[in-house]
Amino acid sequence: THQSLAKLAMDKDWAAIPELAAHLIDLLPGYVEPDSPYVVLARAHEALGEREAAIAALEAFWKNGGYDPAVLKRLSGWHEEAGQAAEAIDVLQTVNMIDPLDLEMHGTLGDLLMAENRPAEALLEYSVALSLDPHDKATAYYRLARAHHGLGDRAASQRQLLMALDVAPNFRPAQRLLLDLMRSESGIEQQ
């Protein structure tokens, strides 16, 4: 039956998948390998335009111990698109434990944490990302500056912004934040 589920997916017979996948999940709810029926079910629901059902399938995969980073990143991305930042963060924190050397994931998780006004946690993620020697160091320093700024540490924020601008002198986001910091320090109102 598992092979026929794979064949249905290969043939893109999405409408036939939910019933068979549900049957397989009932038989083996703890089977959470990358070829799990949960994952195929999520693909089918997504192809059928049923995003909430796709999310539910991957949530079940994750809650039953599914650990495939690509699948969990997809789940996190869907949560983020649905405006469910807290859920997206929870899933990415699992990916963090599975694949701690994923540079992009640390940046994405830090960005989500900043959007949720959690700069201390974001600072940790951004620091890990920088320690993984990213190609785009200007963005890494800028992210650190934003986290320090969120924590109210103006001096550390300025240091990181200057490092970003040292790497990429025309990096507009860093220029803007540095200008904002300088204006607020000198009491000049923005116009």
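Look a little higher up for the structure.
Given the structure is predicted, the values throughout are model-derived calculations rather than measurements. (Residues numbered from 1 in each chain as written. Predicted model: local features only at pLDDT ≥ 70, side-chain atom pairs only at ≥ 80, totals over all residues. Heavy atoms only, no water.)

Section: the packing of aromatic side chains
Next up, step 1: The tally for this structure, following the rule as stated, stands at one aromatic pair.
Next up, step 2: Plain terms: the ring middles of Y142 and F171 are 5.6 Å apart, the flat faces sit at 85 degrees to each other, and that makes the pair edge-to-face. Highlighted residues: Y142 in helix α9 (residues 137-150) and F171 in the loop between α10 (154-167) and α11 (172-186), separated in sequence by 29 residues.
Next up, step 3: On the basis of relative accessibility, which here comes to 18%, the residue Y142 falls in the buried class.
Next up, step 4: A residue is classified by how much of its surface remains accessible, and F171, at 18% relative accessible area, is buried. (Phe/Tyr/Trp six-rings, centres within 6.5 Å; stacked < 30°, edge-to-face > 60°. Helix = DSSP H or I, 4+ residues; strand = E, 2+ residues; numbered from the N terminus. Buried < 20%, exposed > 50% of the residue type's maximum accessible area, 1.4 Å probe, protein only.)

Overview of the environment of L48
Next up, step 1: Secondary-structure assignment places L48 in the loop between α3 (37-47) and α4 (51-63).
Next up, step 2: The class of L48 is partly exposed, set by a relative accessible area of 35%.
Next up, step 3: Sequence-wise, L48 and L24 are 24 residues apart; in three dimensions their C-alpha atoms are separated by 20 Å.
Next up, step 4: Apart from residues no more than four positions distant in its own chain, L48 is found in contact with W14, A15 and P18. (Contact = heavy atoms within 4.5 Å.)

Some remarks on the pattern of salt bridges
Next up, step 1: Enumeration over the complete set of coordinates arrives at eight salt bridges.
Next up, step 2: The partner of E59 in a salt bridge is K63, with the nearest N and O atoms 3.0 Å apart. Here E59 and its partner K63 are both found in helix α4, four residues apart, which amounts to about one turn of the helix.
Next up, step 3: The class of E59 is buried, set by a relative accessible area of 14%.
Next up, step 4: Assessed through its relative accessible area of 63%, K63 is described here as exposed.
Next up, step 5: For K73, the salt bridge is made with D102, and the minimal N-O distance between the two is 2.2 Å. One end of the pair, K73, is in helix α5 (residues 69-81); the other, D102, is in the loop between α6 (85-98) and α7 (103-115), and 29 residues separate them in sequence. (Salt bridge = Lys/Arg side-chain N within 4 Å of Asp/Glu carboxyl O.)

Topic: the environment of V167
Next up, step 1: Along the chain, V167 falls in helix α10.
Next up, step 2: A relative accessible area of 46% means that V167 is categorised as partly exposed.
Next up, step 3: Contact partners of V167, with chain neighbours within four places excluded, come to K137, A138 and Y141.

A short note on the side chain of S36
Next up, step 1: With respect to the helices and strands, S36 occurs in the loop between α2 (17-27) and α3.
Next up, step 2: The class of S36 is buried, set by a relative accessible area of 0%.
Next up, step 3: At 3.1 Å, the side chain of S36 and the backbone nitrogen of Y38 are in polar contact.
Next up, step 4: Not counting residues up to four positions away in its chain, the partners in contact with S36 are Y31 and F61. (Polar contact = N/O pair within 3.5 Å; in protein donor to acceptor, adjacent residues only side chain to side chain.)

Describing the nonpolar core
Next up, step 1: The biggest cluster of nonpolar side chains holds 41 residues, and the ones touching the most others in it are L5, I17, L58 and F61.
Next up, step 2: If we ignore the near neighbours within four places in the chain, the residues touching L58 are Y38, V39, A42, V71, R74, L75 and W78.
Next up, step 3: One finds Y141, L165, L177 and L181 within the second-largest nonpolar core, a separate group that totals twelve residues. (Core = buried A, V, L, I, M, F, W, Y, C linked by side-chain atoms within 4.5 Å.)

Concerning α9
Next up, step 1: In this model α9 runs 20 Å from its N-terminal to its C-terminal C-alpha over 14 residues, within 8% of the 20 Å that 1.5 Å per residue would give.
Next up, step 2: Every buried residue of α9 is accounted for by A138, A140, Y141, Y142, L144, A145, A147 and H148.
Next up, step 3: Tucked into the core, α9 has its buried residues touching α7, α8 (119-131), α10 and α11.
Next up, step 4: Following α9 by one or two positions, G152 has its phi on the positive side, about 85 degrees. (Expected span 1.5 Å × (residues − 1).)

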